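Overview (structure and organization)
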Amino acid sequence: MMIVFGIKSFRIRSFSLEDLSIVYNEEPNIRIEVRQTYFHLLYIPCFGLGRTWAVRKNNRLYEMSLALQLLVDESAAAKSVKTPFYTYAGPLLAILSAVIGFLGYQLNESYSHYKDRQLAIRHFNAEKAVLESKLQNLTTRDFISVLRLSNSWKDTTIYLKIEDIRGDEITVTPVEMITATQRDQPMAWEVEDEYTRYASYWSPVKISCKQLQAGCLKEYIASSDRETLRQQGINLLHDGRRYVTTAVVRHFGPVISANRTGALLGSSARLSIGMNNEGWPATISDIKELAGNGDWSENINKKVPGKEFGLFVPGFALEAAHMTFRKPYKLIMTLKDTTGQLHKYEVSGVDLHYAVKDL
């Protein structure tokens, strides 16, 4: 690649002899030009190399004689000529480009931050609606996740096993994960195992459903806003600590959730959507379609892996044939666990955008 550079000049100003108050009889019909010599890179001026004076006659430039140069140097009009700023266009363009680039980066970062925040708010509102609904329909199979806030960043998740419900009064056993896991968040079956192993060591606590609801975040709070988060926490377990209610999970059976994977096979009108199971293994015993026109029957008697997988989150896929894409679907999936208990889930969505709700 060839990089063009070199030395050029351009005219700054042009004077007649009268403009410079010069009487010069040798060449009376000439014009005097002051020219700026500069170094260029890709024809863009980078820096000046000084000014020169020249004589233009018959549209051609000639070197100025020494006698005429002395007269020009004494002229007040000639002394007033300044070097134009655009002689340094290269560095100025570089600075301007850097400023524009920086401002563009800042604007893009601000817009990206705005979009990320709006997405986080939408997710928060959706999860808040699910949590509020579950708090209205608690059972003794539920574990309520609450975040115990610390003065630093080391918050702890406590799992409240519901032992009894009498009107607004709820008796819970607080479960802390004593046994180490290889994940930041334990699986549902690991929480159950911890409860079974240490339940006799923890004392039950009476709380109210109103307190649980009061402990839910009312609006989205950024993770860095520790002070606002602490203000939202309440003394839920009557131990002087602040807690925030974060989730309700129904245990002692399969624990199904969407894992946001899947495939659309347009050529064969097939849909496959992925599910996770953090609970007990089970078998799909029935599927009833409430909306849509796909065929989900091939999933009946499909094995749903569970806690026997150990370290990894076991997954499975629900598949449908003869689908009409871009059309909403809704179905009720019934699972039978290893003890014969039945568990129902609602699966609804459009194509690969779907949600799972336990019933």
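Each residue is numbered by its place in its chain's sequence as written, counting from 1. Given that this is a predicted model, residues contribute local features only at a pLDDT of at least 70 and side-chain atom pairs are listed and counted only at 80 or more, while totals for whole chains, interfaces and linings are drawn from all residues. Only hydrogens and water are removed before side-chain values are computed, so all heavy atoms of the structure are retained for them.

Re the layout of surface pockets
Put simply, the rule is: As defined here, a cavity is a set of points on a 1 Å grid over the protein atoms alone where a 1.4 Å probe fits but cannot get out. A pocket is an open set with protein on both sides within 12 Å along at least five of seven lines, and residues line them when an atom is within 4 Å of a point. Grid points are joined across faces, edges and corners, and a volume is the space filled by probe spheres set on the points. A run of H or I in DSSP becomes a helix once it reaches four residues, and a run of E becomes a strand once it reaches two; helices and strands are each numbered from the N terminus. In this classification, Asp, Glu, Lys and Arg are treated as charged, Ala, Val, Leu, Ile, Met, Phe, Trp, Tyr, Cys and Pro as nonpolar, and every other residue, Gly included, as polar.
The volume enclosed by the second largest pocket comes to roughly 210 Å³. Along the walls of the second largest pocket sit Ala 129, Val 130, Ser 133, Lys 134, Asn 137, Asp 142, Val 248, Val 249, Arg 250, Lys 357, Asp 358 and Leu 359, which together make up its complete lining. When residues of the lining of the second largest pocket are traced back to their parent elements, those giving at least two are helix H3 (89-135), strand S9 (243-250) and strand S17 (353-358). In terms of residue class, the lining of the second largest pocket is made up of five nonpolar, two polar and five charged.

Examining the side chain of Lys 161
The condition is simple: Only heavy atoms matter for contacts: two residues are in contact if any of them lie within 4.5 Å across the pair.
Structurally, Lys 161 can be placed in strand S6 (residues 156-166). In contact with Lys 161, not counting residues within four places along its chain, are Thr 140, Asp 142, Phe 143, Thr 171, Val 172, Thr 173, Tyr 195 and Phe 252.

Brief notes about the sheet that holds strand S16 (residues 342-350)
The pairing of strands in a sheet comes from backbone hydrogen bonds and takes either a parallel or an antiparallel form. The condition is simple: Paired strands, in this sense, are two strands between which DSSP finds at least two bridges.
Pairing in this open sheet of five strands is antiparallel, and the strands run S13-S12-S15-S16-S17 from one edge to the other. Edge positions in the open sheet fall to strand S13 (303-304) and S17, since each of these has one partner strand only. Where strand S15 (residues 329-337) and S16 come together, eight bridges link them in antiparallel fashion. Within S16, the position partnered with Lys 330 by the bridge is Ser 348.

Digging into the nonpolar core
Stated formally: Put simply, a nonpolar core is a bunch of buried Ala, Val, Leu, Ile, Met, Phe, Trp, Tyr and Cys residues held in one set by side-chain atoms that sit within 4.5 Å of each other. The buried label goes to any residue with under 20% of its type's maximum accessible area, the exposed label to any with over 50%, and the partly exposed label to all in between, with areas taken from a 1.4 Å probe on protein chains only.
Ile 273, Trp 296, Leu 318 and Met 333 are the most contacted members of the largest nonpolar core, which has 21 residues in total. Residue assignment for this core shows that the elements contributing at least two residues are strand S10 (256-265), strand S11 (270-277), strand S12 (282-291), strand S14 (315-320), S15 and S16. The biggest single contributor to this core is S15, with four residues. Beyond its immediate sequence surroundings of up to four residues, Leu 318 is in contact with Leu 271, Ser 272, Ile 273, Met 275, Ile 284, Ile 287, Trp 296, Asn 299, Met 333 and Val 347. If you look at the next biggest cluster of nonpolar residues, it comprises 20 residues, including Leu 138, Ile 162, Val 172 and Cys 209.

Structural notes on the confidence of the model for the protein chain
Our working rule: Every residue gets a pLDDT, meaning the predictor's confidence in that residue, from 0 to 100.
Counting all residues, the mean pLDDT for the protein chain is 82, and 86% of those residues have values of 70 or more. When mean pLDDT is compared element by element in the protein chain, S15 scores highest at 94, while helix H2 (residues 76-79) scores lowest at 65.

Here we look at the pattern of salt bridges
Cut-off, in case you're wondering: We define a salt bridge as a contact between a side-chain nitrogen of Lys or Arg and a carboxyl oxygen of Asp or Glu at a distance within 4 Å.
Tallied over the entire structure, the rule returns 10 salt bridges. Between Arg 56 and Glu 33 there is a salt bridge, with its nearest N and O atoms 2.3 Å apart. Taken together, the positions of Arg 56 in strand S3 (residues 44-57) and Glu 33 in strand S2 (residues 31-41) put the pair 23 residues apart, joining distant regions of the chain. Note that Arg 197 and Glu 194 form a salt bridge whose closest N and O atoms lie 3.0 Å from each other. Here Arg 197 and its partner Glu 194 are both found in helix H4 (residues 188-198), three residues apart, which amounts to about one turn of the helix. What emerges from the salt-bridge pattern is a single network uniting Arg 270, Glu 298 and Glu 319.

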